[in-house]
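Chain by chain, the residues run as shown.
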Amino acid sequence: MTAPQITVVGSVNLDLVARAETLPVAGETVTGATFAQHPGGKGANQALAARRLGADGSMIARVGRDANAEAALALLKRDGVDLFGIVEDEDDATGVALIAVDAQGENQIVVASGANANLSASDVRKTSACDAVLCQLEVPVAAVMAASDIETSLFAINLAPAMPAPIGLLERADLLIVNEVEAAFYGDNLHRGDGLVALTLGGAGAVLYRSGKELVHMPVFSVPVVDTTGAGDTFCGALVLALAEGQDPGEALRFASAAGALAVTKEGAQPSLPTREEVEAFLKTQG
Ligand code: RIB
């Protein structure tokens, strides 16, 4: 099978991660954390996830003219994601995400968008035809609108983080991917188009809908939870890859759920993204 060409239009961040026993509440200081720095950003994570699982991947994004850009792009570069569409921003710094992770693997994330906020429709319009386009909402909606015009047979949006988006954009998508918080934000608008809607439910698994009707429910795979950061991104990259390969929706959902499950078993977003071999080996153990 030829590897599907998947273009991701989205964010690139450098993740600064503090791992502590508990997450702070407003006004609280938590001490005793350990620190790590990893490449991240929902866009970059999803591009790398699809690439590790077998895509011929490329990324459209903006980074700053700074040292953080090199660190943030290091794993995309190493794993062969095409970075021809990365623009160096003249004005703003590479995006940074401050991430706190607790002993149960739950996280809190604050993103300083920097150059991601300047990704423009014209940055995106240079993109040529591909098998699938995958976007998120850590970049301006205008860039995502421009991405919806790229010639492709699968236009997907991970509506994360939730923010206002034109109904026409949601209707145009062949696949929308949301978690429970995002699903509550968009409500019935998710189901106005003819595309698939994937809803991730944490410990209750994931569901695929079409036209508001449930097609398939996949229970969660039971794995030790180390760090949930990037698990949703892994699910998105894997689901788009599987659908672009022609897997049927049920198979694709199982594949994506397995990839997402493996991502929570390791620390960090990009360092935890599984390979195709790891996902296939894991699925064999699940009967
Ligand atoms: O989804 C996880 C990602 O969200 C992190 O890598 C962080 O950069 C934020 O964008």
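Above this text you will find the structure in question.
A.B. asks: Could you clarify how one ought to interpret the overall build of the chain in this entry?
C.D. replies: Within the chain, the regular secondary structure consists of nine helices and 13 strands. With respect to the principal axes defined by its C-alpha atoms, the chain has extents near 50 × 45 × 35 Å. Each of the 287 residues in the chain was classed as buried or not, and the buried ones make up 54%. Partitioning the intrachain contacts of the chain with sequence separation of at least 6 by distance along the chain shows that 59% fall at a separation of at least 24. Just so you have it, the chain exposes about 12,200 Å², and 52% of that area is on carbon and sulfur atoms.

A.B. asks: Would you mind going over the site of the ligand with me for this structure?
C.D. replies: If you check the shell around the ligand, you find Asn13, Asp15, Gly40, Gly41, Lys42, Asn45, Ala97, Ile109, Glu138, Asp233 and Ala269 and nothing else. For the ligand, an oxygen atom lies 3.0 Å from a polar atom in the side chain of Asn13. The contact in question runs from an oxygen atom of the ligand to an N or O atom on the backbone of Gly41, over 2.9 Å. Its free accessible area being 280 Å², the ligand has 96% of it covered by the protein chains. The residue inventory of the shell around the ligand, partitioned by class, reads three nonpolar, four polar and four charged.

A.B. asks: What's the story with the side chain of Asp123 in this structure? I'm lost.
C.D. replies: Checked against the element boundaries, Asp123 lands in helix α3 (residues 121-125). At 2.7 Å, the side chain of Asp123 and the side chain of Arg62 are in polar contact. Ignoring anything within four residues of it in the chain, the contact list for Asp123 reads Ile60, Arg62, Val87 and Asn118.

A.B. asks: Explain the sheet that holds strand β2 (residues 13-19) here, please?
C.D. replies: Across a sheet, strands are paired by hydrogen bonds formed along the backbone, either parallel or antiparallel in direction. Overall, mixed pairing links the four strands, which are arranged β3-β2-β6-β7 in an open sheet. Looking at the sheet topology across the chains shown, the edges are occupied by β3 (34-40) and β7 (107-112). Between one strand axis and the next, the sheet turns through 20 degrees on average, direction left out of account. Two elements, β2 and β3, share seven bridges in a ladder whose sense is antiparallel. Residue pairing in the sheet places Leu14 in a bridge with Pro39 of β3.

A.B. asks: So what exactly am I meant to see when it comes to the pairing of strand β6 (residues 95-101) here?
C.D. replies: Among the seven residues of β6, six are classified as buried, and the element is accordingly described as predominantly covered. For β2 and β6, the ladder comprises seven bridges, and the chain directions are parallel. Considered in β6, the bridge of Asn13 is made with Gly95. Taking the residues between adjacent antiparallel strands as the criterion, β6 and β7 are bridged by five residues, where Gly105 takes a positive phi near 90 degrees.

A.B. asks: Sorry if this is basic, but what is going on with the nonpolar core here?
C.D. replies: The tendency in soluble globular proteins is for nonpolar side chains to be buried as a group. The biggest cluster of nonpolar side chains holds 58 residues, and the ones touching the most others in it are Met59, Leu76, Leu175 and Leu239. Those residues within four positions of Leu239 in sequence are excluded, and the remaining contacts are Leu175, Ile177, Ala198, Ala252, Leu253 and Ala256. Counting 33 residues, the second largest nonpolar core, distinct from the first, contains Cys130, Val133, Val139 and Tyr186.

A.B. asks: For this particular structure, what's the right way to read helix α9 (residues 276-285)?
C.D. replies: Every α-helix winds through 3.6 residues per turn, so residues three or four apart in the chain are directed the same way. Listing the buried residues of α9 in full gives Arg276, Val279, Phe282 and Leu283. Seen along its axis, α9 keeps its buried residues to an arc of 135 degrees; they face one direction. What points out from α9, more than 90 degrees from its buried face, is the exposed set Glu277, Lys284 and Thr285. The inward-facing, buried residues of α9 contact α1 (42-52), α7 (231-244) and α8 (249-263).

Rules of the game
- Residues numbered from 1 in each chain as written.
- Predicted model: local features only at pLDDT ≥ 70, side-chain atom pairs only at ≥ 80, totals over all residues.
- Heavy atoms only, no water.
- Helix = DSSP H or I, 4+ residues; strand = E, 2+ residues; numbered from the N terminus.
- Buried < 20%, exposed > 50% of the residue type's maximum accessible area, 1.4 Å probe, protein only.
- Contact = heavy atoms within 4.5 Å.
- Areas by Shrake-Rupley, 256 points an atom, 1.4 Å probe, with all protein chains shown as cover.
- Near = heavy atom within 4 Å.
- Polar contact = N/O pair within 3.5 Å; in protein donor to acceptor, adjacent residues only side chain to side chain.
- Nonpolar A, V, L, I, M, F, W, Y, C, P; charged D, E, K, R; others polar.
- Pairing = 2+ DSSP bridges.
- Axes fitted to C-alpha atoms, helices over the stretch in contact; angles between N-to-C directions.
- Core = buried A, V, L, I, M, F, W, Y, C linked by side-chain atoms within 4.5 Å.
- Arc of directions from axis to C-beta.

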